[in-house]
Amino acid sequence: MPEPRDRATRKADALKLLTAPAADVWVSTASADGEPHLVPLSLAWVDDRAVIALDGGSVTARNIAGGGRARLAVGPTRDVVLMDAVLERSLGVDDDAVIGEAYASQADWDPRGLAGYVFLVLKPMKIQAWRESNELAGRVLMREGAWTV
């Protein structure tokens, strides 16, 4: 097992995963009655926000709109970034040129022009990152929306 990374290196590595071209993210939500839902989506990291694009009528979009939060996971099991996020705003995919361009550039696909699709801009409140069990201590890199490192 490799030696544990220091927290600054973990943050840098986490940001590399979040900003990687064609980054994929698992998005976990729950309905108002607690029914869990998990889907893989494309991710863009824009100004310290997670941006996802999806059909506005999808279960994921409805759950996030209703509950205001989601849990996101990026990376493989042995190099994971786990994020608890709150909905900052929802907008049509053609309503913000800056977000649309940033999303299309990173996500490697472009939802602009798709009827009913929205961008959900999610503000991270807590971010954790670890590779192996020797990195469980110190895994919290962001708490209450502020980087701790």
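Going by the structure above, here's the rest.
This is a predicted model, so every value here is computed, not measured.

Reading the values: rules and limits
Chains are numbered independently. Their residues run from 1 in the order of the written sequence. With the structure being a predicted model, the display of local features is reserved for residues of pLDDT at least 70 and the display and counting of side-chain atom pairs for 80 or more, all residues being used for whole-chain, interface and lining totals. Side-chain calculation: all heavy atoms of the structure are included, whereas hydrogens and water are not. Within this scheme, the nonpolar core is defined by two criteria: the residues are buried Ala, Val, Leu, Ile, Met, Phe, Trp, Tyr or Cys, and they are joined through side-chain atoms within 4.5 Å. Relative accessibility thresholds used throughout: buried, under 20% of the residue-type maximum; exposed, over 50%; partly exposed, between the two (1.4 Å probe, protein chains only). Each helix is a run of DSSP H or I of at least 4 residues and each strand a run of E of at least 2, with the numbering of both proceeding from the N terminus. What makes two residues a contact is simply this: any of their non-hydrogen atoms within 4.5 Å. Whenever a nitrogen or oxygen atom comes within 3.5 Å of another N or O atom, the pair is scored as a polar contact, on the condition that within protein one atom can donate a hydrogen and the other can accept it, and that pairs from neighbouring residues in sequence are kept only if both atoms are in side chains.

A. View of the nonpolar core. In this structure, V25, V27, I52, L72 and M83 are the most contacted members of the largest nonpolar core, which totals 27 residues. For this core, the element with the most residues is strand β7 (residues 117-130), which contributes five residues. Apart from the residues within four sequence positions on either side, V25 is in contact with V39, P40, L41, S42, L43, I52, L72, A73 and V74.

B. Representation of the environment of V39 in the model. Inspection of the secondary structure assignment puts V39 in strand β2 (residues 36-42). Put simply, V39 and D110 are 71 residues apart on the chain and 19 Å apart in space, counted from C-alpha to C-alpha. Apart from residues no more than four positions distant in its own chain, V39 is found in contact with V25, W26, V27 and T60.

C. Spotlight on the side chain of R5. As for its position among the elements, R5 is in the segment before α1 (7-19). On the basis of relative accessibility, which here comes to 11%, the residue R5 falls in the buried class. Within the local environment of R5, its side chain forms a polar contact with the side chain of E135, the two groups lying 2.7 Å apart.

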